[in-house]
Amino acid sequence: MPGALPVLNEAVVDLAVAVALALDASIAEKAGFARKNYFYPDLPKGYQITQHAEPLARDGHLDIELEGRTLRVGIRQIHIEEDAGKSVHSEHSDSDSSLIDMNRCGVPLVEIVTHPDLRDIDEADAFLNELRRILVCLGVTTGEMHEGSLRFDTNISVRPRGATEMGARTEIKNLNSFRAVRKALAYEADRQSRVLRDGGKVVHETLLWDESRERAVPMRSKEGASDYRYFPEPDLVDFEIDARRLDRVRESMPELPDAARRRLVEVYAIPEYDAFVLTAESSMLRVYESTVDALLKRLGPDASPGAAKTVSNWVMVVLAGHLHERGITLAELSARVASRGPTDRQDLAFALPSRLAEVIALRLRGEVSEPAARRLFEAAMESDEPVDELVETLDLGTLSDEDALRSLVREVLAAHPDEVARYRAGTTKLIRFFVGQVLGRTGGKADPELATRILLEELGHGGTT
Amino acid sequence: MKLYELTFSQIRAGLVEGDFSSRELSESVLDRIERVEPAVSAFVTVRDRGEILAEAAATDARRAAGRCRGALCGVPVAVKDNISTRGLATTCGSRMLEGYVPPYDATAVSRLRDAGAIIVGKTNMDEFAMGSSNENSAFRSTRNPWDAGRVPGGSSGGSAAAVAAGEVPLALGSDTGGSVRQPAGFCGVVGAKPTYGRVSRYGLVAFASSLDQIGTMSRDVEGAAALLEAIAGEDPRDSTTAAEPVPSFVGDAGIDLTGVAVGVPDEYFSDGLDPSVAEKVRDAVEIIRSLGAKVQTVSIPNLRFGIAAYYLVADAEASANLARYDGVKYGHRSDHAEDLDGLYRMSRSEGFGAEVKRRIMLGTYALSAGYYDQYYLKAQKVRTLLARDFEKAFESVDVLLAPTSPTTAFALGERVHDPVSMYLSDVYTVPVNLAGLPALSVPCGLSASGLPVGLQVVVDKFREPVMFRVARAYERAAGAFPAPPGL
Amino acid sequence: MAVERGDVEHVATLARLAFTEEELVAFTSEMNGILALFEELREVDTDGVEPVFRVLRRRNVFRGDEPGEMLPPDEALANAPDRHEDTFRVPAVLPND
């Protein structure tokens, strides 16, 4: 609206500082805003408030691991700017007109500009993934590209093999997924290569990725030859990033994924892959570590060296599967579990890990079988009954009475004479069938290992009954 | 004496004493508007009479119940048409915004409403505040109440003419390069521009953001001070408002200026100055000296570079501020566009007048690749030097006294086709905006041809109280300024 | 230094203004007159002088991270020349081919 004025949201300053710290950038003591002038329908003022001469931070880097090597990607600049509106599509937006939604206008965002250090699509992809993990970890974004909370504008140029000069670049905007980034880069690399091969010249321009047609189309008309006429934004004052702010932000920053990963491998002796998965979200990491703590306390000196790995399997497979099946987040499940237990604040973060640890402990002590432990876990997440009582209630205790199990095994073998004959004729993989039958009859309570041993013994009797 | 003729201080006293009601005052003002508006053309929009009288009656009721706080309660005020008023068209004197109705109030307007002031209507102006004569209004040329063949000055010419013609006792204007002081001087009223940052710009349609300030007009100094006091102060919606507390601007009516150091800058009395303006200003300085002030000569060496620096800075900022008028969200949209680019170019070319296009072109050029350092950056450096000149002067004096303009009101049509001569008429007012200082113009007599002359009082940042004190003492010593004859 | 017609056309493109042939010619000479006025600044020695972009010596003005007052969509779009639901309609943004 005519007469409206901007005011800087302090939260974005702190978030941008966190990003700059995470990317090892040098942060300016004083920063300010400028107007970038151009006409575009999604830009309601005819200029964008951004940082030009005095950005918040410069000269950072991010190291990424890629096929066993480390690639350092230079960060040129980190700055704050305002978001623009967006074109929306509906049945009414025929080919002659576009519809502009201005709701997002003026919302602050943090822009990170890299150096041209990425050589191919895989490098770009690995970099963007790692960057996303960091930004999500810092709470700067939810990382949801389809919502526009995280957006990538990619610049790409190709050059003939052996050439030393970089070619003219084009910028591609409107990339709404990692898949789109890969597709667009491939499309544009191919297009530029063909232009060069045909003896043409690549024009420096901005392209818009058209997702439905999988191609990039020029965004601004040529007449608007870009001259952004930057000048200091008179409606905003400069801001300082003093030591107090730096300390405050630094203290409130969570451990970054890369550091967490290295620590997990070192402290818990779990595989790199597990550490990578567990550090994808800080909430996942917290649950993992709390569960390991709770488990070690519970097991005491009996704890085996592999306990931490067992927990990582449970978190990555069983817990993640539980969340996925129900379409809920870890935070939601944690809250749900906590809400059923005692309402002590302390319990809020620990209710889920402590119940999970209890299930795992029962399993490690052999008090429940693996299938029973899975059922016990589901039950532990959905009721407030103490876990050990659930074992009773659901009758999940391991059937460890060897005699009882042996008679059950005999019943199973007697009921399937054909299979027994085929087994003895050499189809030994049928052992799995028999184990399944035995477990089925015990409702999953039998220890599969014990059942297998008895089955092998009984089958070994060579057909005599 | 008719109610519409009263000065603000008489109105304030009369309302408190119960000599007349706000409703009676408003009726008198509305009758006056009906009678003289055809000759003056000060307003773009006058609000519905019934609504105004109902609001006035409501403040009378509040006063009767003892709930009328503040000097503005029940006082009619006109608002320049570039200050947003919720539900009331705000055109900026432009075809571009014809019919545009803001969905919100400017902070200054909401503060006026809170103070109980009654908004009468929106006053005419040069398009987007670009001009010094009101001839750049897309709708009509406001006439000078002293001589219908002359301009009222600009860009707040409508506000100045309305106050001078008795159509309203108080008015808001905006001052980017003298747009309150120069028309106040031309029309024989008081016009005050505060320190940059004193008054929120939220809702003031931007012309040049680093220079724009809302200012006030009245037939007496007290009115300009009271109105300014009511709208001043930090606003969380405008990052460039000052955090300084707002002291009383009205102060007391003391006439003794003992202990006040006055500077008269030599450069303001140079070749281009009309001798009869010079004479009146010198007379005023002598009156102020006679009230006990110590007068000395000071220097603002870079004064003559003010015009060039000002127009570069103002036009550069304007070129960005006016980019939002593109035919998409509000304002004029061309029917002749075939594509998006055409929509922009046609809407803007049809919606803006010649002077606005000229400024946008100059500002765009000054910022464009290759010229930024030479023009825009250079101008901002000269601005530093000019600000330093004032800082240095204020090391030895409290106030500067100077003419508001080099001439009295010029004839309609005299300069409108010669932009350079039009720009030069702002030579004495623009330096103050570049330095962000407060200044006012107070009438100081009539020239040989019977036209008002303005005395400009300039003080250091945030020293509005001493500015109003000197102006008020002078006003009392000089005696009542006459109303324009023959209306 | 003088601007030429071509410069004026280029600036008009940047500013999204359209001029007729006559206007362009008139404007070129007018602009040169005003630029001559601006050229006076060359006389001023500004070596080592910091530009003053903002006269107010204030820094660190922030707002909190809470939503402020919001305009209902109908009010925000009330002045729109061409509106569809809660959006503004404009001629096609992408070239239509």
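What counts and what doesn't
Residue positions within a chain follow its written sequence, with the count starting from 1. Naming scheme: in the order in which they are written, chains are lettered from A and ligands are numbered from 1. In view of the model being predicted, local features appear only for residues whose pLDDT reaches at least 70, and side-chain atom pairs are presented and counted only at 80 or more, with totals across whole chains, interfaces and linings using the full set of residues. To obtain the side-chain values, all non-hydrogen atoms of the structure were included, while hydrogens and water were left out. Each aromatic pair joins two rings of Phe, Tyr and Trp (for Trp, the six-membered one) with centres within 6.5 Å, and gets the label stacked for planes under 30 degrees apart, edge-to-face for over 60, and tilted for any other angle. Numbering of helices and strands runs from the N terminus; a helix is a DSSP stretch of H or I covering at least four residues, while a strand is a stretch of E covering at least two. Think of it in three bands: residues with accessible area under 20% of the maximum for their type are buried, residues over 50% are exposed, and the middle band is partly exposed, with areas taken using a 1.4 Å probe on protein chains only. Look at NZ for Lys and CZ for Arg. If either is within 6 Å of the ring centre and within 35 degrees of the ring normal, a charge sits over the ring. Two residues qualify as a contact provided that any one of their heavy atoms is within 4.5 Å of a heavy atom in the partner residue. Summed over both partners, the accessible area lost on bringing two parts together, with a 1.4 Å probe, is the buried area. By salt bridge we mean one thing: a side-chain nitrogen of Lys or Arg within 4 Å of a carboxyl oxygen of Asp or Glu. Residues adjacent in sequence count toward polar contacts only when both atoms are side-chain atoms; beyond that, a polar contact is any pair of N or O atoms within 3.5 Å, and within protein one must be able to donate a hydrogen and the other to accept it. Amino acids outside the nonpolar list (Ala, Val, Leu, Ile, Met, Phe, Trp, Tyr, Cys, Pro) and the charged list (Asp, Glu, Lys, Arg) are all regarded as polar, and Gly is one of them. Two strands qualify as a pair provided that DSSP identifies no fewer than 2 bridges between them. Crossover handedness is defined by viewing with both strands directed away from the observer: a clockwise path from the first strand over the helix to the second marks the crossover as right-handed. Any pair of cysteine sulfurs within 2.5 Å is marked as a disulfide.

Asks: Could you give me a rundown of the packing of aromatic side chains, with the residues and numbers involved?
Replies: With the rule as written, the count across this model stands at 31 aromatic pairs over all chains. Relative to A:Trp209, the ring of A:Tyr187 lies with its centre 5.7 Å away and its plane at 70°, an arrangement referred to as edge-to-face. Here A:Tyr187, found in helix 3 (residues 178–197), pairs with A:Trp209, found in strand 13 (residues 205–210); they are 22 residues apart in sequence, far enough to count as distant. Overall, A:Tyr187 belongs to the partly exposed group, its relative accessible area being 25%. An angle of 75° between the planes, with centres 6.2 Å apart, marks the rings of A:Tyr423 and A:Phe434 as edge-to-face. In this pair, A:Tyr423 is assigned in helix 14 (residues 417–424) and A:Phe434 in helix 15 (residues 431–441), connecting sequence segments 11 residues apart. Overall, A:Phe434 belongs to the buried group, its relative accessible area being 0%. Site record: aromatic cluster; members linked through ring pairs are B:Tyr100, B:Phe128, B:Tyr325, B:Tyr330 and B:Phe352. The positively charged end of B:Arg282 is found above the aromatic ring belonging to B:Phe269, 4.0 Å away from the centroid.

Asks: Residues and numbers for the interface of chain B and chain C, please.
Replies: Many analyses report the size of an interface as the accessible area lost when the parts associate. Each partner contributes to the interface: chain B provides 71 residues, whereas chain C provides 51 residues. Together, the buried faces of chain B and chain C total about 5300 Å²; carbon and sulfur atoms form 66% of this surface. The three residues of chain B that bury the most area against chain C are B:Arg345, B:Met361 and B:Tyr365, which together make up 13% of that side's buried surface. The tally of links between chain B and chain C comes to 7 salt bridges. Its salt-bridge partner being B:Arg304, residue C:Glu43 comes within 2.6 Å of it at the nearest N-O pair. Counting every contact that joins chain B to chain C gives 22 residue pairs in polar contact (both at pLDDT 80 or more). Counting residues per element, the ones that place at least two in the side of chain B that touches chain C are helix 9 (306–321), helix 10 (340–351), helix 11 (354–367), helix 12 (372–396), helix 13 (419–424) and helix 14 (430–435) of chain B. No other element matches the 15 residues that helix 12 of chain B contributes to the side of chain B that touches chain C. Residue classes in the side of chain B that touches chain C are distributed as 37 nonpolar, 16 polar and 18 charged.

Asks: Now, about the pattern of salt bridges: what can you tell me, with residues and values included?
Replies: Counted according to the given criterion, the structure contains 79 salt bridges over all chains. A:Arg213 is paired through a salt bridge with A:Asp210; the nearest N and O atoms lie 3.0 Å apart. On the basis of relative accessible area, A:Arg213 is assigned to the partly exposed category, the value being 46%. In this structure, B:Glu234 engages C:Arg58 in a salt bridge whose closest nitrogen and oxygen atoms are separated by 2.8 Å. Placement of B:Glu234 in the loop between helix 7 (221–231) and strand 7 (261–265) and of C:Arg58 in the loop between helix 2 (21–38) and strand 1 (62–63) is noted, with the two residues assigned to different chains. One salt-bridge network, in which partners are shared between bridges, spans A:Arg35, A:Glu233, A:Asp235, B:Arg201 and B:Asp238.

Asks: Give a description of unusual backbone geometry that names residues and reports values.
Replies: At the junction of B:Gly154 and B:Ser155, the peptide bond is cis and its omega measures out at 5° in the coordinates. Its location among the elements puts B:Ser155 in the loop between strand 3 (118–123) and helix 5 (157–164). Its identity is not glycine, yet A:Ala269 carries a phi of approximately 55°, on the positive side. By the secondary structure assignment, A:Ala269 is in the loop between helix 5 (257–268) and helix 6 (272–278). Of note, the phi angle at B:Ala129 is positive, near 70°, even though the residue is not glycine. Here B:Ala129 is to be found in the loop between strand 3 and helix 5. On the basis of relative accessible area, B:Ala129 is assigned to the buried category, the value being 3%.

Asks: I'd like a description of the pairing of strand 2 (residues 76–80) of chain B, backed by residues and values.
Replies: Residue and element names in this part refer to chain B. Buried residues dominate strand 2, accounting for 5 of its 5 residues. Burial of strand 2 is two-sided: the residues Pro76, Ala78 and Lys80 facing one way and the residues Val77 and Val79 facing the other way are all buried. Bridge count between strand 2 and strand 3: 5 bridges; the pairing is parallel. Bridge pairing in strand 3 places Ala78 opposite Gly121. Since strand 2 and strand 3 lie parallel, the crossover through helix 4 (residues 107–114) that links them has a hand, and here it is right-handed. The pairing of strand 2 with strand 4 (residues 170–175) spans 3 bridges and is parallel. Bridge assignment links Val79 to a residue of strand 4, and that residue is Leu172.

Asks: Can you break down the state of the cysteines residue by residue, with the values?
Replies: Residue and element names in this part refer to chain B. Counted by the stated rule, this structure contains 1 disulfide over all chains. Put simply, Cys68 and Cys73 are joined by a disulfide, and their sulfur atoms are 1.9 Å apart. Between Cys68 and Cys73, the disulfide has an S-S torsion of -60° and is therefore left-handed. On the basis of relative accessible area, Cys73 is assigned to the buried category, the value being 0%. Looking at the unpaired Cys187, the closest cysteine sulfur is the one in Cys444, lying at 15 Å.

This is a description of form; function is not addressed.
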